[in-house]
Amino acid sequence: MPNNKFSQISLFDIYEDVNTSFTEKKSELVSLLEKHIDFSSLISYEFRHAFYSNIGRKHKYHLESFIKALIIQKLFAFNLDSQLILVLKNSNTLRDFCGFDKVPDGSYFTRFKQKYCNYLVAMFHNLVDITEPICREIDAKKADYLIFDTTGIEPYVAENNPKFLNTKLKEAKKLSKTYPEYNPYMGVYSLLPDISKANADVKQQYINGHYCYAHKLGVMTNGIGIIRDISFFDDSFKKLHPDLVSKKSDNPDIDRKSVILTHLNPYYRISLQFTPICLFLHSWVTALLIHMITIQCLKMIFILIAFVFL
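Residues numbered from 1 in each chain as written. Predicted model: local features only at pLDDT ≥ 70, side-chain atom pairs only at ≥ 80, totals over all residues. Heavy atoms only, no water.

Topic: the nonpolar core
Put simply, the rule is: Put simply, buried Ala, Val, Leu, Ile, Met, Phe, Trp, Tyr and Cys residues joined by side-chain atoms within 4.5 Å make one nonpolar core. Three exposure classes are used, based on accessible area relative to the maximum for each residue type with a 1.4 Å probe and protein chains only: buried under 20%, partly exposed in between, and exposed over 50%. Runs of E in the DSSP output that reach at least two residues are strands. Runs of H or I that reach at least four are helices, and both are numbered from the N terminus. Every residue pair with non-hydrogen atoms within 4.5 Å of one another is taken to be in contact.
Judged by nonpolar contacts, the single largest core of 29 residues is most densely connected at Phe47, Ile67, Leu88, Phe109 and Phe112. Secondary structure elements with two or more residues in this core: helix H2 (28-36), helix H3 (39-42), helix H4 (45-52), helix H5 (63-75), helix H6 (81-90), helix H7 (92-98), helix H8 (106-115) and helix H9 (117-138). With six residues, the top contributor of residues to this core is H5. Sequence-distant contacts of Phe112, that is, excluding residues within four places in its chain, are made with Phe47, Phe51, Leu63, Phe66, Ile67, Leu70 and Leu120. One finds Leu146, Phe148, Met220 and Phe233 within the second-largest nonpolar core, a separate group that totals five residues.

Some remarks on the side chain of Ser176
For Ser176, the position within the fold is in helix H11 (residues 162-178). We classify Ser176 as buried; its relative accessible area is 17%. Contact partners of Ser176, with chain neighbours within four places excluded, come to Tyr182 and Pro184.

Notes on H5
Test applied: What a helix is expected to span follows from its residue count: subtract one and scale by 1.5 Å.
Relative to the 18 Å expected for 13 residues at 1.5 Å per residue, H5 spans 19 Å between its end C-alpha atoms, a close match to the ideal helical length. Along H5, ten of the 13 residues are buried, which leaves the element largely enclosed by surrounding structure. Among the residues making up H5, those that are buried are Leu63, Glu64, Ser65, Phe66, Ile67, Lys68, Ala69, Leu70, Ile72 and Gln73.

As for the confidence of the model for the protein chain
Defined as follows: By definition, pLDDT measures how confident the predictor is in each residue, and it falls between 0 and 100.
Per-chain confidence: the protein chain averages 75 in pLDDT, with 68% of residues scoring 70 or above. Mean pLDDT across the elements of the protein chain ranges from a minimum in helix H15 (residues 283-309), with 40, to a maximum in H6, with 92. Predicted confidence is poor over residues 271-310, with pLDDT under 50, and the contacts of this stretch with residues over four places away or in other chains come to 30 contacts.

In structure tokens form, the structure reads like this:
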């Protein structure tokens, strides 16, 4: 009887082949991270001491494991901890890279970020010093540039729900029936609260081309695009820079145009410490500055003409 050169592949064989490829072949990303980054050197003594001296009890998980897991979360753009946990549970490569024998649940990650928030901030500030020589080696000129922009983080609060705005718009339309000269679409801006009811730190902001309730922050990068500083415009920041405190007007256009220049002031003062430096702004801010410079130049030309011919 002739041998059949074709053989049926079972589902078990397919599973074994796929499982072998996952367990025996590391992804290129994980290999690069393991080869070039010593995560233990990025953690300060204070951070390590605070983590392992919690009531004198041994931790079930290691500090480096949480740091690696949070980096994986950002690299893969997982917005939720549940997404990160699901991937770690189903990926032996990433789980081994983080050093988890068992993947922690969501409460562990939440408590870790809340309890050691200041240490995480200090660690990333330290990364600025570590990466600065690398940036200068890549392009020394662009490493001297500072690019400033404002953005925000929109949390899940009721004020960001479109239904909330529609409710306020209905109130404004009722007022327009009593006062015909009242513009409901312009007036609804004054009816919106300044801060979120659920979180006083979430305030009405103009970010990314629209109004919303968000945590406002400023981001400064160099010319290569590497972040050099992130500062939240919270109450502690405003105490250091009282000139940022401004009252909300009834006109959204006025508030929108003044917000960038207002928040740029403290960064401009800091930037004067760096030489040489180029400070790039929003396109509309640049246009505004060019317009102001042009007006000054025209005034000087008119003065010279008057001086010559009169």
